[in-house]
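Summary of the model geometry
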Amino acid sequence: MKEVKLTFHNNGLRSYIDMDLCSQCPRQDDKGCCGYYSPVFYPSDFAYLTQYQPELLEEILSLSQITVLDASVTVNHTVEAPGYHCHFHNTEGGCRLPQLMRESVCRHFVCPGITWEQDEKFKHWQYFFSRLSDYEIELNNKISEQLKSEGLSLRNLENRSFFFKRVLEIFNKETAVMPEFINKLNKEESLTLACEIKYGEDWTL
Ligand code: SF4
Ligand code: SF4
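What you are looking at is a predicted structure, and each value in this text was computed from that prediction instead of being measured.

Considering the packing of helix α1 (residues 43-52) against helix α5 (residues 160-174)
- Where α1 meets α5, the closest approach of the two axes is 9 Å, and the angle between their N-to-C directions is 105 degrees. Here α1 is positioned roughly perpendicular relative to α5, judged by the angle of their axes. Residues Pro43, Ser44, Phe46, Ala47, Thr50 and Gln51 of α1 pack against Phe164, Val167, Leu168 and Phe171 of α5.

What about the nonpolar core?
- Residues Phe46 and Val167 are the most contacted members of the largest nonpolar core, which totals 21 residues.
- For this core, the secondary structure elements donating two or more residues are α1, α2 (54-62), β5 (73-75), α4 (123-149) and α5.
- Other than its neighbours up to four places away in sequence, Val167 contacts Pro43, Phe46, Ala47, Thr50, Ile143 and Leu147.
- The next biggest cluster of nonpolar side chains, apart from the first, holds five residues, and it includes Leu6, Phe8, Ile17 and Trp125.

A short note on the environment of Glu3
- For Glu3, the position within the fold is in strand β1 (residues 2-9).
- Residue Glu3 is classed as exposed on the basis of its C-beta count, with 9 C-beta atoms lying within 10 Å.
- In this structure, Glu3 is in contact with Thr192 and Ala194, ignoring residues within four places of it in sequence.

Some thoughts on the sheet that holds strand β3 (residues 40-41)
- Pairing is antiparallel in the open sheet, where three strands are placed in the order β3-β5-β4. Looking at which strands have only one partner, the edges of the open sheet turn out to be β3 and β4 (66-68).
- In this sheet, β5 lies alongside β3 in antiparallel orientation, the contact comprising two bridges. Residue pairing in the sheet places Val40 in a bridge with Thr74 of β5.

About the thresholds
Residues numbered from 1 in each chain as written. Chains lettered and ligands numbered in written order. Predicted model: local features only at pLDDT ≥ 70, side-chain atom pairs only at ≥ 80, totals over all residues. Axes fitted to C-alpha atoms, helices over the stretch in contact; angles between N-to-C directions. Helix = DSSP H or I, 4+ residues; strand = E, 2+ residues; numbered from the N terminus. Parallel < 35°, antiparallel > 145°, perpendicular 65-115°, else oblique. Contact = placed C-beta atoms within 7 Å. Core = buried A, V, L, I, M, F, W, Y, C linked by C-beta atoms within 7 Å. Buried ≥ 20, exposed ≤ 12 C-beta atoms within 10 Å, placed from the backbone. Pairing = 2+ DSSP bridges.

Below you can see the structure in the form of structure tokens.
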């Protein structure tokens, strides 16, 4: 058994949960859960990266293993010994992206090996992330529809800078008033949970 600390960070659309177990991941394979996922960046991520880390957006779009759709880009995992590998994963420090720069699945993710969902004390976090996911999907759909109605697509290499300019403008307009549930939780809260740790492939992913 091990006492695991989970910390909830309320940053509106960039909210996340982190925990102190990842640095000693029980999978002991240098990549934990990250090899199994291909991060997908949507308009709300583009809006954030355009403002705070445009060079990361450029890096993503310059990669060879991406799938570009009209309003999203997937960074496909690659197959390298001993298995799948996320482009952003570093065998020494885990994800090299700061939490705020990650897309929403990576930010909201809580290790499947942690049985937090059955515990009443985390219910307010779960409610928050469920509402936030719905809000973010709706927001991304609205931005995508508006871009489409203006004939803008991420697939069009020539007008990408205008595409991102419009993403940010539409994002700012749509998020001028944020939903009330966001302000109901504290900026930060830490809770602990006693977990049975299993190692290697016995640790659930
Ligand atoms: S498997 Fe769990 S402990 Fe390991 S890196 Fe992923 S979230 Fe962290
Ligand atoms: S972006 Fe980071 S958190 Fe997400 S799958 Fe890749 S390494 Fe893991």
